[in-house]
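# Descriptive structure summary
Residue strings, one per chain:
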Amino acid sequence: MMAVRFILGLLLTVVCLGIAGRRLMFLYRLGRTAQPLQGDRRPDTGAAVKAELLEVAGQRKLLRWTVPGVAHFAVFWGFMVLLFTVLEAFGGLVNSRFQIPFFGNWAWFGFVEDLFAMLCVAAIAAFVAIRIKEAPAGLGRRSRFFGSHLGPAWFVLFMIFNVVWTLLAYRGASINAQRVNELAGTPDAPLKFLQGAFASQWFASLFHPLGESTNEILETVLLLLSLAVLLGFTIFVTYSKHLHIFLSIPNVAFARRPRALGALQPVYSGGKKVDFEDPGDDDLMGVGKIEDFTWKGLLDFGTCTECGRCQSQCPAWNTDKPLSPKVLMMTLRDHALAKAPYLLATKEAPEGTEPTGIPEAAATEAEKPLVGPMGDESARVDEHGVSGEGVVPFDMLWSCTTCGACVEQCPVDIEHVDHIVDMRRYQVLMESAFPEEAGIMLRNLEHAGDPWGLGASMRLEWAEPLDFEVRVFGAAGEDQIPDDVDYLYWVGCAGALDDTAKRTARAVATLLHEAGVEFMVLGEGETCTGDPARRMGHEFLFQMLAMQNVETLNEVGAKRIVVTCAHCYNTLANEYPQVGGHYEVVHHTTLLARLVAEKRLTPVARVDASVTYHDPCYLGRHNRIFAAPREVLGAVPGATLTEMPRTRERSFCCGAGGARMWMDETLGTRINQNRADEAIETSASLVTAACPFCITMLSDGVAQRQQEGRAVGVEVTDVAEVLLRSIRPDLADAAAAVPD
Amino acid sequence: MTSGPEGKDVAARVAVRLNAGIIPDATKVSVDGGTVSAVQTVFAGRFQATSQVLRAPAVVTMRPNATSAEAAPASASVESVDVAVSDAAKGAKVDSREPKVSSGRPELTDAAMVVAGGRGVGSEDGFGVIEKTADALGAAVGASRTVTDQHWAPHELQVGQTGKTVAPSLYLAAGISGAIQHRAGMQSSKTIVVVNKDAKAPLFQIADFGVVGDLHAVLPALVDEVAKRKG
Ligand SMILES: Cc1cc2nc3c(=O)[nH]c(=O)nc-3n(C[C@H](O)[C@H](O)[C@H](O)COP(=O)(O)OP(=O)(O)OC[C@H]3O[C@@H](n4cnc5c(N)ncnc54)[C@H](O)[C@@H]3O)c2cc1C
Ligand code: SF4
Ligand code: SF4
């Protein structure tokens, strides 16, 4: 009997692990056809270890969603402990009285093993309930599982259940066959740990009446069955979305830390940064083919668990646009796998020879452009996945606002925004293919230095109505920012040129002046930071603007900079270091909160209004500034803050990011309307934000409702203006922001 | 060539073929001796750049409406040319042509005059007054995004940052406040006339002529006056 058991078990193991191993090897070779990691991007070991502990072992991101989080936590740890049970089962192949040295003598160890196994079962029950409740069949696009592979997901749950019960049943038979209970207490009591294994004991009592010899046969049969189930499951995993149980570990280790938000990466080719002043002839400009992603990119696609957390938060998806970050990841993975034979044959063909043996299907897949053409009528994103002339439909790529909600949620640290921008880069730089309207903005940036094409001469008009003098760099003949200046005030294009944002620019200037903060502006010396160009993929233009600004800032000796725009903040603080600009950058809400805390600003006049606050993506998620704007609002007497349901890390985008501000929004419903409605729902009379683009977007949404006779008296304004009203209610700007 | 989308495309190709210098988007051209020089406005009209083409022949695209067409005395002669068309070029065939349903008005992007309406028109019917005014002047019709979002006018008529960019000789904006998103699409117009009942409307800042008043009174009066003068 033991011999049969051993030979069959060994055979099973070798064959199954062989198949799984071959698959893993294939995936590894596929990864090798991709681009190397960005040269200077090596994981910081400390941060990676911490992330593994928090995110893999601690399941931190999963636990943010309480019910599925706890269930996943249970399955994860259940499986971890189950590994001991599996080890015991393998040991059972050789010796039916095998026990793990040391632990095996303790009854409580068996108890713990069975407890975690039961936790697994309970979690599976929870997952079944979740999958039924959130089934796409009922919820359609609202379901986070819409577009996921549903069959395999159910199969996985079924298989985990099978792994657990077969192992427990085997142990039950073992208890009878080895007379664990009868011999308990005697000097040579076998498998002591099973004495405490309560679930296995239940199976044992079930099988006991069958008699000892039957139980012996049952022991072998169940052991082989449990191993077959487990090994079969392993093979299945290597062919499915469930690969995340292996891949999430390296994926988390190699992820950008602290998170893949904030700065975008420069353009890399072959692991080296592309020098835009003198690009190499063969340099890749972004991603035009699947193999132009780095291997970490492919690892991302392979790791996606199809959980749909990202999809549930995505503003594009929630307004019926053809973009779901999950579906995008799945599509890229499916394409990589379909193209794999072509890639491997081409890469591994000896130098100078034609690759051979490429299957027809792979060759066809290889011919598909990565991004489909504009106006592709066949492009579709629905429950059957993605179709169209390209792998990724044009509108899928361009619907993204780079809001980062997907990256924020992803439990396995996938870097969606980086991949989307990399694909846009190729489209813009190599193909000149992008939504036409945005071309005007690019041209304006190039010719006038601002997105609207107004030109530098208008950049000081905002300050004219102020009742004090704003110091302009160079006006007094200085060639360096004088020492008495605390901050360089970066007004930004919106602050200088857009009428509503000019009011904010004045409010901030007035408040700094009131607090005795010395500041100076560059006036005509400012140009756009380049954020919209970069997020659209026009890295070349971004580099041009960034280098020009950094040159100016370094020349004037800027050290501390205050900005009023979330996008300026992100670019100056996080991206200019990439081009040699290192400054201490503060957002106006942070500075104002500090001035209030230090009592240099004392809000006195009451502003009796209910207020709600919209977290701008580039201030909140991308830069973790959540508290300061709320502190400012909290300091204003009379103002009461009511939060929107989607707030802070889960704030819903206004629709302007990722250069979407300069593109027509004709698909689905409007993102800004969705968010404005949410703000109106709070019954707040003041809808506040801390970014000029959010304010334009929300104002537009509120104006639409007012046109329909709703949201009467609702006003959209910057946090700074609310503070201004409490400190200088006499000013016209303060009055202008009062709802009438 | 005209600096429209098609003209620019053709001009660039011609310049490459001829290995010639090209000046896009010029507002003036002059020939001095053998060299061609052209004036372009840069930095949103703040500067005028004069450039010379060093490598003849010169290809110049002209900004729409920068000059008006003039009749030149010349006699035409027919010259026959043999053109070899590659097979690849014959791959696509034009099956039928369907001319865009014409509104009988000039095309928005290259019209010499544009009359545009904003939220101030009040309704779809109200937008009719904009169309009437445009027809009286022989102008194209434009709209702010508010109007096109409301479906008071078709989407193609939207002027601004996410719509069309226009630079006519005359831009008459009625009931448009002048948000920067709208200005971005029309600020290079030569003469800007604003009709708005709110004297503080920001668009007045860039207007050459402004009328503070109800557009439903002002525009019909304008139409009558035009009709009278036309006789
Ligand atoms: C992403 C994004 C992109 C955008 N792109 C564009 C764009 O491309 N083009 C564009 O135009 N807008 C665009 N906008 C919208 C823009 O921000 C403004 O909301 C819009 O231009 C305002 O339109 P309006 O001037 O018609 O309406 P309002 O700003 O509401 O102004 C109406 C004006 O009409 C006046 N008025 C009212 N009644 C009368 C009357 N009887 N007689 C005379 N005057 C009257 C009022 O005094 C007021 O000044 C965009 C907005 C966003 C968020
Ligand atoms: S960044 Fe925002 S808009 Fe883009 S895919 Fe992610 S969630 Fe969607
Ligand atoms: S990308 Fe991340 S959040 Fe989105 S479905 Fe995949 S694993 Fe889930």
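Residues numbered from 1 in each chain as written. Chains lettered and ligands numbered in written order. Predicted model: local features only at pLDDT ≥ 70, side-chain atom pairs only at ≥ 80, totals over all residues. Heavy atoms only, no water.

This next bit is on the domain arrangement of chain B. Along its sequence, chain B is carved into domain 1 (1-63) and domain 2 (108-230). Domain 1 of chain B and domain 2 of chain B are separated by 31 Å when their C-alpha centres are compared. (Domains from an automatic or database assignment.)

A separate point is the packing of helix α2 (residues 45-57) of chain A against helix α10 (residues 244-253) of chain A. All names here are of chain A. Their axes nearest at 8 Å, the elements α2 and α10 cross at an angle of 140°. As far as their axial angle goes, α10 and α2 are oblique. Like other packed secondary-structure pairs, α2 and α10 cross with a definite hand, here right-handed. Counted together, A48, A51, E52, E55 and V56 of α2 and I249, V252 and A253 of α10 form the full contact between these two elements. Tallied by class, residues from the contact of α2 with α10 come to six nonpolar, no polar and two charged. (Axes fitted to C-alpha atoms, helices over the stretch in contact; angles between N-to-C directions. Helix = DSSP H or I, 4+ residues; strand = E, 2+ residues; numbered from the N terminus. Parallel < 35°, antiparallel > 145°, perpendicular 65-115°, else oblique. Left-handed = near helix turned anticlockwise from the far one by under 90°. Contact = heavy atoms within 4.5 Å. Nonpolar A, V, L, I, M, F, W, Y, C, P; charged D, E, K, R; others polar.)

Below, the discussion takes up the domain arrangement of chain A. Residues and elements named next belong to chain A. For chain A, the assigned domains read domain 1 (2-26 + 65-252), domain 2 (33-58 + 267-348 + 374-433), domain 3 (437-595) and domain 4 (601-736). Measuring from the centre of the C-alpha atoms in domain 2 to the corresponding centre in domain 3 gives 32 Å. Contacts between domain 2 and domain 3 engage 11 residues on the former and 10 residues on the latter. Interface area for domain 2 against domain 3, summed over the two sides, is near 880 Å², with a carbon-plus-sulfur share of 65%. Interface area lost by domain 2 to domain 3 is led by F276, R425 and V428, which between them contribute 47%. (Buried area = accessible area lost by both parts, 1.4 Å probe.)

Here the focus is the sheet that holds strand β8 (residues 170-174) of chain B. Residues and elements named next belong to chain B. The sheet built from five strands is open, its strands ordered β7-β6-β8-β9-β10 with parallel pairing. Both outer strands of the open sheet, β7 (140-143) and β10 (209-212), are each paired with one neighbouring strand and no more. When the angles between neighbouring strand axes are averaged without regard to direction, this sheet yields 15°. Bridge analysis of strand β9 (residues 191-196) against β10 gives four bridges, and the strand direction is parallel. Its bridge partner lying in β10, V193 is registered against F209. (Pairing = 2+ DSSP bridges.)

Residue and element names in this part refer to chain A. The strand order across the open sheet formed by five strands is β5-β7-β6-β8-β9, and the pairing between neighbours is parallel. Two strands lie at the open edges of the sheet, namely β5 (471-472) and β9 (584-587), each paired on one side alone. Contacts from helix α21 (residues 499-514) reach β6 (487-490), β7 (519-521) and β8 (560-563), with the element oriented near 165° to β6.

Residues and elements named next belong to chain A. Within the largest apolar cluster, 155 residues are counted, with the highest numbers of intra-cluster contacts made by W452, W462, Y489, M536 and L553. Element by element, the count of residues in this core is highest for helix α14 (residues 325-348), at eight residues. Residues contacting L553, with those up to four places away along its chain left out, are L488, W490, L522, A558, I561, L572, Y576 and Y583. Core analysis: the next-biggest nonpolar cluster, separate from the first, contains 36 residues, A123, I130, L168 and F203 among them. (Core = buried A, V, L, I, M, F, W, Y, C linked by side-chain atoms within 4.5 Å. Buried < 20%, exposed > 50% of the residue type's maximum accessible area, 1.4 Å probe, protein only.)

Attention now moves to a nonpolar patch on the surface. Residues and elements named next belong to chain A. Side chains of L63, V70, F73, W77, M80 and L83 sit close together on the surface and give an oily, nonpolar patch of about 490 Å² of accessible area. When residues of the nonpolar patch are assigned to their parent elements, the largest contribution, five residues, is made by helix α4 (residues 66-94). In this fold, W77 is placed in helix α4. We classify W77 as partly exposed; its relative accessible area is 31%. (Patch = residues over 30% accessible without salt bridge, like charges linked within 9 Å, V, L, I, M, F, W, Y side chains within 5 Å. Areas by Shrake-Rupley, 256 points an atom, 1.4 Å probe, with all protein chains shown as cover. Salt bridge = Lys/Arg side-chain N within 4 Å of Asp/Glu carboxyl O.)

Let's shift gears to the site of ligand 2. As a matter of local geometry, ligand 2 sits amid 13 residues, with C314(A), C400(A), C403(A), G404(A) and C406(A) nearest to it. For the shell around ligand 2, the per-class residue count stands at 10 nonpolar, three polar and no charged. (Near = heavy atom within 4 Å.)

A few words now on helix α27 (residues 671-681) of chain A. Side chains that are three or four residues apart share a direction in an α-helix, a result of its 3.6 residues per turn. Residues and elements named next belong to chain A. For α27, the buried fraction is high: eight of the 11 residues fall into the buried class. All of the buried residues along α27 are I671, N672, Q673, R675, A676, E678, A679 and I680. The elements touched by buried residues of α27 are α13 (315-318), β10 (609-613), β12 (686-689) and α28 (692-707). Phi turns positive one or two residues past the end of α27, at S683, with a value near 65°.

Here we come to the site of ligand 1. Residues in close proximity to ligand 1 total 28 residues, the closest being R119(B), S144(B), V159(B), S177(B) and H182(B). Near ligand 1, residues from chains A and B are present, making the site a shared one. Side-chain polar atom of Q158(B) to an oxygen atom of ligand 1: 2.8 Å apart, as the coordinates give it. Within the backbone of L215(B), a nitrogen or oxygen atom sits 2.9 Å from a nitrogen atom of ligand 1. A total of 980 Å² of accessible area belongs to ligand 1 in isolation, and the protein chains cover 87% of it. (Polar contact = N/O pair within 3.5 Å; in protein donor to acceptor, adjacent residues only side chain to side chain.)

Residues and elements named next belong to chain A. Summed over the entire model, instances satisfying the criterion amount to eight cavities of 30 Å³ or more. Empty space within the largest cavity amounts to approximately 230 Å³. Lining the largest cavity we find 22 residues, and of these Q38, V287, D292, T294 and D422 sit closest to its centre. Put simply, the parts of the chain that give the lining of the largest cavity at least two residues each are α11 (295-303) and α18 (416-429). Considering each element in turn, the lining of the largest cavity owes the most residues, four residues, to α18. For the lining of the largest cavity, the residue count by class is seven nonpolar, eight polar and seven charged. A volume near 180 Å³ is recorded for the second largest cavity. Lining the second largest cavity are 22 residues, and of these D531, P532, C565, H567 and F693 lie nearest its centre. Contributions of two or more residues to the lining of the second largest cavity are made by α20 (492-497), α22 (531-536), α24 (566-575) and α28. Ranked by residues supplied to the lining of the second largest cavity, first place goes to α20 with four residues. Grouping the constituent residues of the lining of the second largest cavity by class yields 15 nonpolar, six polar and one charged. (1 Å grid on protein atoms, 1.4 Å probe; cavity = no way out; pocket = protein on both sides within 12 Å on 5 of 7 lines; lining within 4 Å. Points joined across faces, edges and corners; volume = space filled by probe spheres on them.)

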